[in-house]
Every structure is written in structure tokens, then in C-alpha cells.
Amino acid sequence: MRDLGRALAAHVPEGAVLHLSGCAKGCAHPAVAPLTLTATAAGFDLIRNGTAADAALAHVTADELLARPALLTETFNAP
């Protein structure tokens, strides 16, 4: 997961924080972050302006994020 964070760091808006969490408990960073990726069995939940436990804006895989890092900041339609 650290490699993914390093690869995505250049795509995080200046001054923003990208929190990568191994689970929805988000123990390392329980506060709200501008961008959060929470690991799931199928990939990651993408959460904006929330915690690792908040509802996901989108579900993405590491491959999708690496191929299209703009997914971090694009606007998605909520399900």
C-alpha cells in the first residue's frame, strides 16, 4: 500500500492529505481527510472529506488508480 501512496502522491492537490487505510477503522488517522482510500477485499473505497469508515464515493482498484490517478479528484455521481 505504501507503493500505491507514493505513486499517487504527485496527483494529490497541493495542501491536501491522502489517507490510505488498511481497514475502515482508520486507526492511524481517525480524523477527516480530504481524500481517503480504504482497503477492501475488492480494492479500495474512495472517500472525500471523510474518515476511513464513511460511505464511499466510488469503489476502485489499485490498477484503476494507477492508470487514471485523476480518479482521486474527479467528480463522481453518487450511487
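Scroll up for the structure.
Notes on the structure in this doc start here. (Residues numbered from 1 in each chain as written. Predicted model: local features only at pLDDT ≥ 70, side-chain atom pairs only at ≥ 80, totals over all residues. Heavy atoms only, no water.)

## A word on the pattern of salt bridges
Where we set the bar: Salt bridge, as used here, is a side-chain nitrogen of Lys or Arg placed within 4 Å of a carboxyl oxygen of Asp or Glu. What counts as a helix is a DSSP run of H or I of at least four residues, what counts as a strand is a run of E of at least two, and both are numbered from the N terminus. Exposure classes here rest on a 1.4 Å probe applied to the protein chains alone. A residue is buried below 20% of its type maximum, exposed above 50%, and partly exposed in between.
Overall, the coordinates contain two salt bridges when judged by the stated rule. Note that Arg-6 and Asp-3 form a salt bridge whose closest N and O atoms lie 3.2 Å from each other. Of this pair, Arg-6 and Asp-3 both sit in helix H1 (residues 2–9), three residues apart, which is roughly one turn of the helix. A residue is classified by how much of its surface remains accessible, and Arg-6, at 58% relative accessible area, is exposed.

## Some thoughts on the sheet that holds strand S3 (residues 43–50)
Definition in use: Should DSSP find at least two bridges between two strands, the strands are taken to pair. Whenever a helix is involved, its axis is fitted only over the stretch in contact; in every case the axis is a line through C-alpha atoms, and angles between N-to-C directions fall within 0 to 180 degrees.
One open sheet accounts for four strands, arranged S1-S2-S3-S4; its pairing is mixed. At either end of the open sheet lies a strand with only one pairing partner, and these are strand S1 (18–21) and strand S4 (58–60). For this sheet the average axis-to-axis angle between neighbouring strands, irrespective of direction, equals 25°.

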